[in-house]
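Report on the structure
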Amino acid sequence: MIKENKNTTNTAKIANLAKELVNLTVTEVNELTIILKKDYGLESNHDHQTETVPINQEQKKENLRYNIILKSSGISKLAVVKLIKEITGRGLKDSKELVDSVPTTIKESLNKEEAELFKKKFEEIGAEIELIN
């Protein structure tokens, strides 16, 4: 019987953990953040950052925060309700109320990549989305 190398085992464990983390929903990521802060005292570096560092114009653009505004649900209102429920963690009733009250803000203060990703998901199901910073 071949004895498995400890580094190989650790690498496999880390790879499996990374795979699980990447597949978390927004709600699960928020819950994980709360647990890490509460139970383990872990906080992001920017929570304690006091030093001001000069940022060039390109970095400033990337650090902008965006709000997702639903302008129209398009032809598949149910699909939009389900997507809102998924990305916001709201209940079905609250998600439906957001769709019924367009134009409305779906999610606030997202980085550019998250905002673009959510916009793409909404547009794929026929919704009209506007990003505002």
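The structure we're discussing is the one just above.
Looking now at the side chain of S95. Note that S95 resides in helix α5 (residues 92-100). Within the structure, the side chain of S95 is placed 2.9 Å from the backbone oxygen of G91, a separation counted as a polar contact.

Quick look at the environment of T104 now. Relative to the assigned elements, T104 resides in strand β2 (residues 104-110). A residue is classified by how much of its surface remains accessible, and T104, at 13% relative accessible area, is buried. For the pair T104 and I68, spaced 36 residues apart in sequence, the C-alpha separation works out to 8.5 Å.

Moving on, we get to the packing of helix α4 (residues 77-88) against helix α6 (residues 112-124). Relative orientation of the contacting elements α4 and α6 amounts to 160°, with a least axis distance of 10 Å. When the axis of α4 is compared with that of α6, the two are roughly antiparallel. Of the two elements, α4 crosses α6, and the hand of that crossing is right-handed. Between α4 and α6, the contacting residues are V80, L83, I84, E86 and I87 on the first element and F118, K121 and F122 on the second. Split by residue class, the contact of α4 with α6 holds six nonpolar, no polar and two charged.

Rules used in this analysis
Residues numbered from 1 in each chain as written. Predicted model: local features only at pLDDT ≥ 70, side-chain atom pairs only at ≥ 80, totals over all residues. Heavy atoms only, no water. Helix = DSSP H or I, 4+ residues; strand = E, 2+ residues; numbered from the N terminus. Polar contact = N/O pair within 3.5 Å; in protein donor to acceptor, adjacent residues only side chain to side chain. Buried < 20%, exposed > 50% of the residue type's maximum accessible area, 1.4 Å probe, protein only. Axes fitted to C-alpha atoms, helices over the stretch in contact; angles between N-to-C directions. Parallel < 35°, antiparallel > 145°, perpendicular 65-115°, else oblique. Left-handed = near helix turned anticlockwise from the far one by under 90°. Contact = heavy atoms within 4.5 Å. Nonpolar A, V, L, I, M, F, W, Y, C, P; charged D, E, K, R; others polar.

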